[in-house]
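Remarks on the overall topology
Single-letter residue listing:
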Amino acid sequence: MSEKDGKSSKKKLFAVLEILKKYSDDEHPMKAHEIIEKLSSEYDLAAERKSIYRDVETLQDMGVDIMKSGREGFYLAARSFEIAEIRMLNDAILGASFITPSKTKVLSHKLTQELSVHQAKQIETQMYYDNRIKFDNEQILYIVDQLHTAIAAGKKVKFKYYRKRIVNNRVRRTYTREHCISPYALIWSDDNYYLVGNYAKYDNLSHYRLDRMEQLSITDEPSRSFEEVSKYRGSFDAGDYVTHTFRMYSGEETEIDLICSNDILEKIIDKFGDGAHYMNCENDTFRVRTTGYMSEGLVDWLMMYSSRCYIKAPDELRERVIRRAAEIVEKQSEMV
């Protein structure tokens with residue numbers, strides 16, 4: 001076999017695999033003549049029926065899971081993702097507000113390419129793009145990539161950060177000073193993507209939403225060790241950090257002791273996990289002891305369950321919730 005014939009044979013083998021991946025599944029097997037037609041129309045390759053059988057056998061010998069469906073033909077039986085997995089990933093992309101509408105469509109399309117065209121059609125008919133709140137920062141994927149690189153390299157990053165305000169009855173961006181941050185982790189929480197890091201002026205952790213960053217660059221300056229500004233040693237435990245952070249507000253870590261109504265047990269477990277200390281109490285209540293960061297985010301979170309949750313400790317937290325409740329009553333009374 002000449003070198004040219006060898007390259008052509010390899011190209012055809014690859015093309016057969018791609019055709020089966022794109023057009024076949026257990027409900028849509030492909031006969032040899034259908035594969036030959038796709039080879040001709042999409043790859044400009046000629047083939048005979050017997051060579052298709054040989055190619056399929058070669059792919060099977062290489063470990064590709066191709067099945068024969070009686071006289072109906074061949075189909076790719078195993079893929080990188082199952083339909084349910086693609087569906088879940090697509091729903092996550094659609095629901096992520098920090099992914100722009102254009103990037104949402106691109107990523108969704110890439111995912112559905114892992115399925116056959118028939119399977120992809122089933123998913124795409126159930127996907128809706130138009131009525132979801134999405135942000136418009138098209139730099140988001142670049143920012144994620146740069147932050148990942150900076151964290152791995154142990155380098156600080158610089159970026160412009162903006163907030164929004166109303167000017168002349170319209171929402172406008174207003175930029176804060178340039179930030180220079182030691183980055184430690186990327187966290188997806190409350191449908192937003194955050195950078196957790198340290199601003200050198202302070203000895204604590206701070207959070208920044210990725211969709212509000214622009215003009216991000218990696219500096220040559222080494223990052224400050226997270227061990228200097230957090231309880232973590234050896235590696236930054238992003239999972240633990242999310243568990244003890246409320247609404248992505250930072251603060252001093254404190255012991256929290258709550259007595260809660262049994263009807264919010266699932267909500268409490270969802271937040272603190274099974275690792276917190278739980279005890280049964282009287283009157284359809286339970287007690288939970290854990291740790292969290294004292295912050296306005298913690299107060300906000302507790303306010304959602306204020307009538308079904310008593311704060312035993314710390315006293316400062318209970319007093320802050322009481323003050324917040326009084327402020328709410330006063331404000332609502334003023335507006336009447």
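Summarised in this report is the structure supplied together with it. In this text the structure is predicted, and so the values were computed from the model without any measurement.

**With respect to the sheet that holds strand β10 (residues 277-281)**
The antiparallel open sheet is built from 4 strands, whose spatial order is β10-β11-β9-β12. Strand pairing shows two members of the sheet lacking a second neighbour, β10 and β12 (309-313), which therefore form its edges. Averaged over all adjacent pairs, the angle separating strand axes in this sheet is 30°, with direction ignored. Where β10 lies against strand β11 (residues 285-294), 5 bridges are found, and the strand directions are antiparallel. Along β11, the bridge assignment pairs C281 with T285. Taken strand by strand, helix α9 (residues 265-272) contacts β9 (252-261), β10 and β11, and its axis lies near 30° from that of β11. Packing against the sheet, helix α11 (residues 315-335) makes contact with β9, β11 and β12, and its axis sits at approximately 140° to β12.

**As for the packing of aromatic side chains**
The relation between two aromatic rings is expressed through the spacing of the ring centres and the mutual angle of the planes. On inspection of all chains with the given rule, the structure shows 18 aromatic pairs. Plain terms: the ring middles of Y161 and Y208 are 5.5 Å apart, the flat faces sit at 90° to each other, and that makes the pair edge-to-face. In this pair, Y161 sits in strand β3 (residues 155-167) while Y208 sits in strand β7 (residues 206-209), placing the two residues 47 residues apart along the sequence. Residue Y161 is classed as buried on the basis of its relative accessible area of 4%. Classification of Y208 by relative accessible area gives buried; the value is 8%. Where W301 meets Y305, the ring centres are 5.3 Å apart and the plane angle is 70°; that geometry is what we call edge-to-face. You can call Y305 buried: its relative accessible area is 11%.

**Some details on helix α5 (residues 101-112)**
Compared with an ideal rise of 1.5 Å per residue, which puts 12 residues at 16 Å, α5 spans 17 Å between its outermost C-alpha atoms and is within 8% of the ideal. Of all the positions in α5, only T104, S108, L111 and T112 are classed as buried. All buried residues of α5 lie within an arc of 90° about the axis, which places them on one face of the element. On its buried face, α5 is in contact with α4 (83-95) and α6 (117-124).

**Here we look at the pattern of salt bridges**
Here the structure, examined in full by the defined rule, presents 19 salt bridges. The partner of K103 in a salt bridge is E138, and the shortest N-O contact between them spans 3.2 Å. On the criterion of sequence distance, the pair formed by K103 in helix α5 and E138 in the loop between α6 and α7 (140-153) is long-range, its members being 35 residues apart. Relative accessible area serves as the criterion here: at 21%, K103 is assigned to the partly exposed category.

**Let's talk about the pairing of strand β5 (residues 179-189)**
Judged by how many residues are buried, β5 sits mostly within the fold: 8 of 11 residues are covered. Examined bridge by bridge, β3 and β5 share 3 bridges and lie antiparallel to one another. For F159, the partnering residue across the bridge sits in β5 and is H179. Between the end of β5 and the start of strand β6 (residues 192-199), which pair antiparallel, lie 2 residues, with D190 showing a positive phi angle near 50°.

**Considerations on unusual backbone geometry**
The omega angle of the peptide bond from A313 to P314 is 0°, so this bond is cis rather than trans. Here P314 is to be found in the loop between β12 and α11. For D44, which is not glycine, the phi torsion reads 55° and is therefore positive. With respect to the helices and strands, the residue D44 is situated in the loop between α2 (32-43) and α3 (49-61). Since its relative accessible area comes to 71%, D44 is described here as exposed. The phi dihedral of N283 falls on the positive side, at around 60°, and the residue is not glycine. Inspection of the secondary structure assignment puts N283 in the loop between β10 and β11.

**Concerning helix α10 (residues 296-303)**
Along α10, 6 of the 8 residues are buried, which leaves the element largely enclosed by surrounding structure. Buried residues of α10: G297, L298, V299, W301, L302 and M303, and no others. On its buried face, α10 sits against β9, α9, β11, β12 and α11.

Scoring rules and cut-offs
- Residues numbered from 1 in each chain as written.
- Predicted model: local features only at pLDDT ≥ 70, side-chain atom pairs only at ≥ 80, totals over all residues.
- Heavy atoms only, no water.
- Pairing = 2+ DSSP bridges.
- Helix = DSSP H or I, 4+ residues; strand = E, 2+ residues; numbered from the N terminus.
- Axes fitted to C-alpha atoms, helices over the stretch in contact; angles between N-to-C directions.
- Contact = heavy atoms within 4.5 Å.
- Phe/Tyr/Trp six-rings, centres within 6.5 Å; stacked < 30°, edge-to-face > 60°.
- Buried < 20%, exposed > 50% of the residue type's maximum accessible area, 1.4 Å probe, protein only.
- Expected span 1.5 Å × (residues − 1).
- Arc of directions from axis to C-beta.
- Salt bridge = Lys/Arg side-chain N within 4 Å of Asp/Glu carboxyl O.

Shape is all these values report; function is a separate question.
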